[in-house]
Structure formats: C-alpha cells, structure tokens
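These are the residues of each chain, in order.
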Amino acid sequence: MLLLDIKNLTIELNTPDGLIRAVDRVNLSLREGETRGLVGESGSGKSLVAKAIVGVLNKRWQISADRFNWRGQDILTLPYEQQRRVIGRDIAMIYQEPSRSLDPTAAILEQLEEAIPDHLLEGPWWKRSYLRRRKAIGLLHKVGIRDHQSVLQSYPYQLSEGVCQKIMIAMAIAKNPKLLIADEPTTALESTTQAQLFRLLASFNQLKGMSVLLISHELESIARYTQSLSVLYCGQLVEAGETAAIIKQPFHPYTHALIKSVPEFQPNLQPKTPLYALPGSIPVLQHLPIGCRLGPRCPNARKECVKTPTLERLQNHFYSCHFPLTGTKES
Amino acid sequence: MSMLLDVRHLSKSYRKSAGWFRYRHVHALDNISFSLQQGKTLAIVGETGSGKSTLAKLLVGIEKPDHGHILLDGTEVQLRHYRQYNHMVRFIFQDASKSLNPQQKIGQMLDDVLRFNTRMDSQQRMHKIHQTLKQLGLLNEHSDYYPHMFSGGQLQRVALARALILDPKLLILDEALTALDPSLRAQIVNLLLELQQKTGLAYLLITNHLRLVKHIADDLLVLHQGKALDYGNTAHVFKHAEHDYSRKLINSAIA
C-alpha cells in the first residue's frame, strides 16, 4: 500500500503583487519501507514540500492538492486536531542545523525524555520516570552514542554538530514513526560523520521498515543511499523514478546537467578540466518564467517550451519535458 | 620553478585558563611544512579542530605564529609588512552574502579596496573596477548594485572580484565552495580553473569536500589535531594514504 500519495501539490504565497506559485503541481508517492530522495537546488521548494507534509507551514502559504493521502486517508481535509494527531503519531522530521533546532536552555536528557510518548512505556505509573530514562538511554545507544552518561547531562552547545544530529534522530525515532523526513541532515557535518549518519538512516530503514524521505542538494550522496529519486527544479517536478535508472539515463536536461556537474559520476573526466554547467542561475520567485521553468537556461529549449510540459511516464520513470533526452540523441 | 609560498615548521598554540593561576596550552598547529608553486592548487582537508582555520589566519597575518617561517616569493613574511603582502595573498570567506557590507554598493566596495591599497587616481580605479568585473563575467552596471540584489552565484563572483582586484598571486578559499548548489559550484569551479590557466593564480583550498579536491587540487595536505598526516600529490594520497585517519576520510568520500 502507498504510505504517502500526493498528487498535484501546489503551494502558493499571497503577496501584494499577487499569488506566487512556489511549488507547482508536484507529485510524490512513497511505499512502505522505501527510501526516496528529493533533490533540488536551494529555492526549488523542496523544504516547502517537506513542511507541507508535516503541516508546519504558516498561514501565509496556501496549500492545495488533488490528493494528499496518508495511508489512504486525505489529511488535508481532516479537522486540524485530528490532522495533528495523525501526523504526530506517524511522521517525524529532522532539520538542517541540529544545534539550532535543539533547545539551548535544557539538558539533552530533558529534551529526549520529552520526545518519548507515554503509550510506549509499559509499566505501572510509579515506574514511569525510571522507564523513561531507560528508554532515553536505549535511544542514544541505538543511534550509536555509547557514552550516554555525559551526553545526557550536556547542553547542546557543549556537543559537536554530529552528536547533536544523532540526538535529533534519536528524538525522531522515539515514537517509532512510519516516515522519517530528513531535511538536509548532513549539510553542517563533516564527511566522515556524514557517511555515518547516512548509514544510520539506512539501517533504521532496513531493520524497522521505516520509510525515509531524504532531502538534499547533493546528488552524489543521495544517489548512494536511496532507491528512488525525485528531482525538483524551481517548484516543478522534472523527473522521478528509480535512482539507478535516473543516474544511468536521465530524460530531463536538468537532471542530465546535475549528474554531469558532479565529478564523481564522470569517471573519465580528467582532473582540472571544466565541469559541465548550465548557464545562469535559478530564477527568483518574483520573476518566474512561464511554461517550463528551466526554459531560459535549457540547452535544447524550443518554441513549445512556453507551455508547461505534462508529466510523461515511461514504465516507472516519470519526466516532464517536451524534448526528453534519449540514449541515441545524447551520444 | 620558484616556490610562491613556502611554509616551514609552523607552530601555533593558544593559552587557555585552567583554574585560577594555571594555564593549559592547546596546540592548534604543530610543525607544519608545505610549499605551493605558482599556478598550482593545494587543498587542506581535515575535520573541525584540526587547525585548518588557524593555518589560514596565520597565512593572511591575522595571527602571529609561535615558531616557524612563512616565505612568500622567497622573502620572509613579517607582520609589519602587512600592506605589501596584502597584495599577494587574498582571502575568500565561506559565506559571500555575510562577508559583504549590505549598505555599500559593489562599485564603492571595490573602490575602497583600491583606495586603501594602491596609489591609483580615480580614473585608473574606475578602469580597474570595470576590467575586473568584466573578467569575472559581471557587467559594468553591477557596480551600482547592492549585495542583496545579487543571486548566490553572482555574490560569490563579487567576492572573487574583491579578492582579485589587487592582482594577487595566491587566493585562500576557506570553505568558499561548500555552501553552493551543485550547478553553481560547477560554474564557480570552471571560473577558478579558467583564471588559473590565464593568470597563473595559485589557490589554497580549505575544504571538507573531498570529491571536489580530487578534481581541482594538485596537492593535498591532511591535517588532524594540528599535525600534518599526509602530504603530497592528490592522486598519490588518494591511492596510497599512509595514515589510518586520512584513509578513513578518503574512503568516506569516495567509497
């Protein structure tokens, strides 16, 4: 069964100059136990999509969707209280800068205990606080922190960024969520810790069947740890499908450029040679081009590109481009 | 070919108080030596606390080394000759949007750099500014812009313009490429490589991004807790790293 099924998600911002469409009809679906990557540059709306799923966008943003199903239940139409209950039970999210999203005035133990819901503690009420502490220690062990004693007594500023992020993950998995959304979990971390964290997320995915939605702008790290991939550009979904298939044969010029700009995917590239790059930069929200938003930067844009392309499907591979790249044309 | 930058046995330690009258010495850098030729790129990698930033500070003269020498073009650098070697070594910070003054136009900012460091008259300064902007793919009109009017990639170009306007020989990039998006990063990398080929600029790249290092750096220095572990040709270090730590670092990036 599909865990999350979103069709034509549109997120708009009401400004004095009129309605700005930051996310334009994005489809996203997640099976149970799947890891999906969501790739896009900054300003492509990937964090907005994540926040819309968790329902934490503020009131200025207008969210509409044809379908927004969480385990077969449309959560956009639910009353607020019920919506919070469903999301709070099943979805957890970790944020970009862990040291900033933890409470600086409380010790880790306090914050971690707060994240453990009551119904997971089995025992009489007078043992509750003891059980809660045991559970907090257990969570730290699960995320690979052995020295729980000193970490639990510390405040966030005393710990390194990597340890903070592990604590965030511990808090997120405290309620055994069905889906974990990780919004750029590794940007603030060093490369050795990054690999550790990705392995940690992958192990939870395999051991507990927890689905993971991994959001990042680094294609190379995401490609290694996910099964399927969605690529966003400027609020539009440009390509979605199996990760391996997309890396091997991208259909959309943007995905193609993204893959070619990473030296790692180009084994034949000589050191110190220029990398492939699209001209220009991502347009600002106030001046979005009409039609396909890649249009002005696209190397093979033509007259038809002023119309927004529809999402085409080739087996399990979705793309939205009038002139998809195929194997013969590219070589 | 002569060495542009030659660093010999550089050490730096900080004093930290431990109790009322006692002090503890923290060795930020311990006996570091390396050299850099003109037109080459040296990458310095290491985790936080490995002394990367201290090294950068010593090289640009913000701090004074305890021991060791820094030789620039064969002459030893002294702090009081700051104004002289300021022309040769320029520094680019991590976040371009935070390192530019939001209340100052780009042209004004570049003009200040020239006014404080050279003896050009206003005509020459104007000419130089236009020339530099053009070199970096910006327009003349951009000198009337404020920093917030630029996009991320353009801001990085502006930061580069500020560094390059004095025609330096060495550019120190402190994590300057890490925060950029992949397609923008590719653009800036291309720009840097092009400048290096045209003008023989040398780069000192302080970064965490090993995949990029593999592509653009000639030499690699691995720092760990203030000590230099591996130093040599990038391809060589990537293949045969001597220390466990550097091997772990490299494996985590390319495995």
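Cut-offs applied
- For every chain, the first residue of its written sequence is number 1, and the numbers climb from 1 along that sequence.
- Written order decides the labels, with chains lettered from A and ligands numbered from 1.
- Where totals are concerned, whole chains, interfaces and linings use all residues; where local detail is concerned, this predicted model gives features only for residues with pLDDT of at least 70, and gives and counts side-chain atom pairs only at 80 or more.
- Each helix is a run of H or I in the DSSP string that is no shorter than four residues. Each strand is a run of E no shorter than two, and both are numbered from the N terminus.
- To sort residues by burial, count the other C-beta atoms lying within 10 Å of each one's C-beta; a count of 20 or more means buried, 12 or fewer means exposed, and anything in between means partly exposed. C-beta atoms are built from the backbone.
- Only the C-alpha atoms count toward the radius of gyration. The rule for a globule is 2.2 Å times the residue count to the power 0.38.
- Here, residue contact means that the backbone-derived C-beta atoms of the two residues sit within 7 Å.
- Multiply 1.5 Å by the residue count of a helix minus one, and that product is the helix's expected span.
- Read the arc as the range of directions from the helix axis to the C-beta atoms.
- Note on terminology: a nonpolar core is a set of buried residues of type Ala, Val, Leu, Ile, Met, Phe, Trp, Tyr or Cys, with members joined through C-beta atoms within 7 Å.
- In this analysis, strands are considered paired if DSSP registers two or more bridges between them.
- Axis lines are fitted through C-alpha atoms, for helices just across the contact stretch, and the angle between N-to-C directions can take any value from 0 to 180 degrees.
- Residues are grouped as follows: Ala, Val, Leu, Ile, Met, Phe, Trp, Tyr, Cys and Pro are nonpolar; Asp, Glu, Lys and Arg are charged; every other residue, Gly included, is polar.
- pLDDT gives the predictor's per-residue confidence on a scale running from 0 to 100.
- Should an angle fall under 35 degrees it is taken as roughly parallel, and over 145 as roughly antiparallel, whereas 65 to 115 is taken as roughly perpendicular and any remaining angle as oblique.
- Each helix crossing is assigned a hand: it is left-handed if the near helix lies turned anticlockwise from the far helix by less than a right angle, otherwise right-handed if that turn is clockwise.

Moving on: the overall build of chain A. For chain A, the count of helices and strands is 12 helices and 13 strands. Considering only C-alpha atoms, chain A reaches an extent of 70 × 50 × 40 Å along its principal axes. Here chain A, with 331 residues, has 40% of them falling under the buried criterion.

With that settled, consider the overall build of chain B. In terms of regular secondary structure, chain B is built from 10 helices and 10 strands. Radius of gyration (C-alpha) of chain B: 19 Å, near the 18 Å computed for a compact globule of 255 residues. Projected onto the principal axes, the alpha-carbon positions of chain B cover approximately 55 × 45 × 40 Å. Looking at the 255 residues of chain B, the share that counts as buried comes to 42%. Within chain B, contacts between residues at least 6 apart in sequence are counted, and of these 68% link residues at least 24 apart.

A word on helix α4 (residues 106–117) of chain B. All names here are of chain B. Between the first and last C-alpha of α4 there are 17 Å, a value that for 12 residues agrees with the 16 Å anticipated at 1.5 Å per step. All of the buried residues along α4 are I106, L110, D111 and V113. Along the axis of α4, the buried residues cluster in a sector spanning 155°; they form a single face. Buried residues along α4 sit in contact with α5 (122–135) and α6 (152–164).

Attention now moves to the nonpolar core. Ranked by size, the top nonpolar core spans 158 residues in total, and within it A:V49, A:A170, B:I44, B:I172 and B:L205 carry the most contacts. In terms of residue count, helix α7 (residues 161–173) of chain A provides more of this core than any other element does, nine residues in total. Aside from chain neighbours lying at most four places away, what touches B:L205 is B:T41, B:L42, B:A43, B:I44, B:L173, B:V213 and B:A217.

Residue and element names in this part refer to chain A. Taking 1.5 Å per residue, 15 residues should reach 21 Å; helix α5 (residues 128–142) reaches 21 Å between its end C-alpha atoms and fits that length. Along α5, the positions that sit buried rather than exposed are A136, L139 and L140. Across the axial projection of α5, the buried residues extend over an arc of 100°, all falling on one side. For α5, the exposed residues lying more than 90 degrees away from the buried face are Y130 and H141. Buried residues along α5 sit against α4 (108–114), α6 (148–153) and α7. Residue G144 follows α5 closely and has a positive phi angle near 90°.

All names here are of chain A. Of all five residues in strand β3 (residues 35–39), five are buried, a share of seventy percent or more. Relative to strand β9 (residues 211–216), β3 is paired through five bridges, and the arrangement is parallel. Bridged to G37 within β9 is L214. Relative to strand β10 (residues 228–233), β3 runs parallel, the two being bridged by four bridges.

Residues and elements named next belong to chain B. Reading across from one edge, β6-β7-β8-β3-β9-β10 is the order of the six strands in this open sheet, with mixed pairing throughout. Looking at the sheet topology across the chains shown, the edges are occupied by β6 (89–92) and β10 (227–233). In this sheet, adjacent strand axes meet at a mean angle of 15° when their direction is disregarded.

Contact with chain A, which involves 23 residues of that partner, is made by 23 residues of chain B. In the side of chain A that touches chain B, the residues fall into 12 nonpolar, six polar and five charged.

Before going further, it helps to spend a moment on unusual backbone geometry. The phi angle at A:C234 is positive, at roughly 55°, despite the residue not being glycine. As for its placement among the helices and strands, A:C234 is situated in the loop between β10 and β11 (236–242). Positive phi values are uncommon outside glycine, yet B:N31 reaches one of about 55°. For B:N31, the position within the fold is in strand β2 (residues 23–37).

Overall, the prediction assigns chain B a mean pLDDT of 83, with 96% of residues at 70 or greater. Mean pLDDT values over the elements of chain B span from 70, in helix α2 (residues 82–85) of chain B, up to 89, in strand β3 (residues 41–45) of chain B.

All names here are of chain B. Strand order in the open sheet made by the four strands is β2-β1-β4-β5, with antiparallel pairing throughout. Each having just a single partner strand, β2 and β5 (75–76) make up the two edges of the open sheet. By the bridge criterion, five bridges tie strand β1 (residues 3–17) to strand β4 (residues 67–72) in an arrangement that is antiparallel. What sits directly across from D6, in β4, is L71. Each of β1, β2 and β4 is contacted by helix α1 (residues 52–60), which is oriented at about 65° to β2, the strand it contacts most.

All names here are of chain A. Alternating residues of strand β7 (residues 91–94) divide into I91 and M93 and A92 and I94, and every residue in both groups is buried. As defined by bridge partners, β7 adjoins strand β8 (residues 179–183) across four bridges and the pair is classed as parallel. Counted as the bridge partner of I94 is A182 from β8.

All right, on to the packing of α4(B) against α6(B) then. Residues and elements named next belong to chain B. Between α4 and α6, the least distance of the axes is 9 Å, while the angle of their chain directions is 25°. Taken together, the axes of α4 and α6 are roughly parallel relative to one another. The handedness of the crossing between α4 and α6 is right-handed. Here I106, M109, L110 and V113 of α4 lie close against α6, whose contacting residues are V158, A161 and R162.

All names here are of chain B. Running from N to C, α4 and α5 cross one another at 120°; their axes reach a closest spacing of 10 Å. If you check the angle between α4 and α5, you find them oblique. For the pair α4 and α5, the sense of crossing is right-handed. Side by side, α4 and α5 meet where G107, L110, D111, L114 and R115 of the first sit next to R125, K128, I129 and T132 of the second. Its residues assigned to classes, the contact of α4 with α5 comprises three nonpolar, two polar and four charged.

On to the environment of A:Q73, then. The topology assignment puts A:Q73 in strand β6 (residues 73–74). As for A:Q73 and A:A106, which are separated by 33 residues in sequence, their C-alpha atoms are 37 Å apart.

Bringing the environment of A:R146 into the picture now. All names here are of chain A. Following the sequence through the fold, R146 ends up in the loop between α5 and α6. Judged by C-beta crowding, with 8 C-beta atoms within 10 Å, R146 ranks as exposed. R146 sits 30 residues away from N176 along the chain, and the two C-alpha atoms are 21 Å apart.

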